[in-house]
Amino acid sequence: MAGGISIHAVDVASGRPAQGLRVEIWRIDPDSLRIADGRLGGNGVLDHSIAQGAGVTAGEYEVLFHLGEFFGERDGFLTVTPFRFRIKNVDEHFHLPLKFTRWGYSLFRGA
């Protein structure tokens, strides 16, 4: 897959994909614009045209994972988990897997 930003999230405490987790993707530089907003499907993946490169240009980005909402405000520790990164080559694909529990997370650029 060339270009685009894909999201995949798993609640590792339960061993299940993060179905229903709300994710926002913002381009924050050179201008501020939300380019994706949605909920992960049953497979823990964001089904959005951004995964094929729609709206992706060179610049700095921030993905917001709404973990507090996912766990319920009274049961969660984390609220909104941000991840900032830079795209220089729009032909590269940026896969961002999130592994999390109520108490912490691991987020990186995957293959």
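Computed from a predicted structure; not experimentally measured.

> Help me understand the pairing of strand E5 (residues 59-65), please; the structure alone is not making it clear to me.
Taken residue by residue, a regular strand's side chains alternate between the two faces of the sheet. Among the seven residues in E5, six count as buried, and that is most of the element. Pairing between strand E3 (residues 22-29) and E5: six bridges, direction antiparallel. Note on E5: the bridge partner recorded for Val23 is Phe65. Pairing of E5 with strand E6 (residues 81-87) involves seven bridges; the strand directions are antiparallel. By the bridge assignment, Glu62 is partnered in E6 with Arg84.

> Honestly, the sheet that holds strand E8 (residues 105-107) in this entry has me stumped. Any pointers?
Within a beta sheet, neighbouring strands are joined by backbone hydrogen bonds and run either parallel or antiparallel to one another. Read across the open sheet, the four strands follow the order E2-E1-E7-E8; overall the sheet is mixed. For this open sheet the edge positions go to strand E2 (16-17) and E8, each flanked by a neighbour on one side alone. Note: strand E7 (residues 94-100) against E8, three bridges, orientation antiparallel. Pairing of Leu98 across the sheet is with Leu107, part of E8.

> Got a minute to help me understand the pattern of salt bridges in this structure?
Side-chain pairs of opposite charge can arise where the charged atoms are in close proximity. Within this structure, the stated rule accounts for eight salt bridges. With a closest N to O distance of 3.6 Å, Glu24 and Arg22 form a salt bridge. Overall, the relative accessible area of 7% leaves Glu24 in the buried class. One salt bridge in this structure joins Glu69 and Arg39, with 2.8 Å as the shortest N-O distance. Here Arg39 lies in strand E4 (residues 33-39) and Glu69 lies in helix H1 (residues 67-71), a separation of 30 residues in the sequence. Counted as one network, the salt bridges with shared partners bring together Arg22, Glu24, Arg34 and Asp37.

> I would appreciate a short explanation of the sheet that holds E6 in the present structure.
Spatially, E4-E3-E5-E6 is the arrangement adopted by the four strands of the open sheet, whose pairing is antiparallel. The open sheet has two edge strands, E4 and E6, and neither has a second partner. With strand direction ignored, the average angle separating the axes of adjacent strands in the sheet is 20°.

> In this structure, what is going on with the side chain of Glu62? I would like to understand it.
Note that Glu62 resides in strand E5. Residue class for Glu62 comes out buried when judged on its relative accessible area of 15%. In this structure the side chain of Glu62 is engaged in a polar contact, spanning 3.0 Å, whose partner is the side chain of Arg84.

Calculation notes
Residues numbered from 1 in each chain as written. Predicted model: local features only at pLDDT ≥ 70, side-chain atom pairs only at ≥ 80, totals over all residues. Heavy atoms only, no water. Buried < 20%, exposed > 50% of the residue type's maximum accessible area, 1.4 Å probe, protein only. Helix = DSSP H or I, 4+ residues; strand = E, 2+ residues; numbered from the N terminus. Pairing = 2+ DSSP bridges. Salt bridge = Lys/Arg side-chain N within 4 Å of Asp/Glu carboxyl O. Axes fitted to C-alpha atoms, helices over the stretch in contact; angles between N-to-C directions. Polar contact = N/O pair within 3.5 Å; in protein donor to acceptor, adjacent residues only side chain to side chain.

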